[in-house]
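# Architecture at a glance
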Amino acid sequence: MSTGSPADAARTDLVRRLREGMATSVLSFPLTSFHDDGSLDPDGYRAYVADRLAARPGALFPACGTGEFFSLDEDEYRQVVTIAVEETAGRVPVVAGTGYGWAQALRFARIAEDAGADALLVMPHYLTAAPQEGLVAQLERIAAGTRLPLIAYQRGQVAYTADSLRRIARVPGVIGLKDGHSDLDRLQRLVLAAPEDFLFFNGAATAEVQARAYAAVGVPAYSSAVHAFAPEIANAFLAALQEGDSGTADKLLRDFYVPLVELRDRVPGYAVSLVKAAARLRGCPVGPVRAPLTEPSPADLAALKTLLTAGLDLVGAAL
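Here we summarise the structure given alongside this text. This one's a predicted model, so the numbers in the text were calculated from it and none came from an experiment.

### What to know about the packing of helix α4 (residues 102–115) against helix α5 (residues 132–144)
- Contact geometry for α4 and α5: axes closest at 9 Å, N-to-C directions at 35 degrees. Like other packed secondary-structure pairs, α4 and α5 cross with a definite hand, here right-handed. Across the interface between the two elements, Trp102, Ala105 and Leu106 of α4 pack against Gln138, Arg141 and Ile142 of α5.
- A class-by-class count of the residues in the contact of α4 with α5 yields four nonpolar, one polar and one charged.

Structure representation (structure tokens):
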């Protein structure tokens, strides 16, 4: 990555900061706080973000999938990103979500620029399948319209080939890829095709379950939904991985993470709804999810509480 211009130097410094954070901690995707009537709760969100930052994540990704980007209007998005930047105060990078078609993605991108975000996570475009040429063009158009560096997110209808990865890695401003497909054959090919300074991280719905497999193909960094409600568990699992403590890692996987995935898979949207419900069980001011997501059933909420209590007990913490 060239450092021939101030923009190049800024991107290089951001990549360095992200790489350092990804090597030492998980990536945090904060929930967005709503009042019971569904309106945005800025004060609750500010308190919640401050609490997440106290758990020392490697970077903060506001208004992304876990943060219900898809349900935010532009004014709400501005408030969410602004609060995240203010609370972070430069301690870790702030990577805001953007998405839909490239024109709408740029509207959000410019709001994130004004709010002081460091970079953007480009989530899958809306609705339609597209060929590789179009996926590349989408990122090119967004990169051309913003000064913020971009991290591409492949999941759903977006899946890059090795050739497309080489192309997007040459686009000025594109610095990395978040993978949500868990297709390790494809991911290995992408890692091998990428330049040395290109960033990758595991974005599976419950990334810890696949963390070892991702690390084996050269992608040890991951985002953690569990950090959104139980950073004690998330940090303990990462420490076990980094220290080679397979006994602790296996116990957390067996007794907490795998049962959490099984509960999550019962209902579409539980990847966010359960996380928000678990955060409320911990006293976090995050409120309900917005439609089209739904709240967990009473039976599933009871199962979640039992599982969360057991998981916290495993790491010496309490509900």
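### Things to note about the environment of leucine 190
- As for its placement among the helices and strands, leucine 190 is situated in helix α7 (residues 184–193).
- For leucine 190, a relative accessible area of 0% puts it in the buried group.
- For the pair leucine 190 and alanine 162, spaced 28 residues apart in the sequence, the C-alpha separation amounts to 5.0 Å.
- Sequence-distant contacts of leucine 190, defined by excluding residues within four places in its chain, comprise Gln154, Tyr160, Thr161, Ala162, Leu165, Leu177 and Phe200.

### Things to note about the sheet that holds strand β3 (residues 95–98)
- The strand order across the open sheet formed by five strands is β3-β4-β5-β6-β7, and the pairing between neighbours is parallel. Whereas interior strands pair on both sides, the edge strands pair on one side only; in this sheet they are β3 and β7 (199–202). Direction aside, neighbouring strands of the sheet carry axes that sit 25 degrees apart on average.
- Pairing between strand β6 (residues 174–179) and β7: four bridges, direction parallel. Within the sheet, the bridge partner assigned to lysine 178 lies in β7 and is phenylalanine 201.

Reading the values: rules and limits
Residues numbered from 1 in each chain as written. Predicted model: local features only at pLDDT ≥ 70, side-chain atom pairs only at ≥ 80, totals over all residues. Heavy atoms only, no water. Axes fitted to C-alpha atoms, helices over the stretch in contact; angles between N-to-C directions. Helix = DSSP H or I, 4+ residues; strand = E, 2+ residues; numbered from the N terminus. Left-handed = near helix turned anticlockwise from the far one by under 90°. Contact = heavy atoms within 4.5 Å. Nonpolar A, V, L, I, M, F, W, Y, C, P; charged D, E, K, R; others polar. Buried < 20%, exposed > 50% of the residue type's maximum accessible area, 1.4 Å probe, protein only. Pairing = 2+ DSSP bridges.

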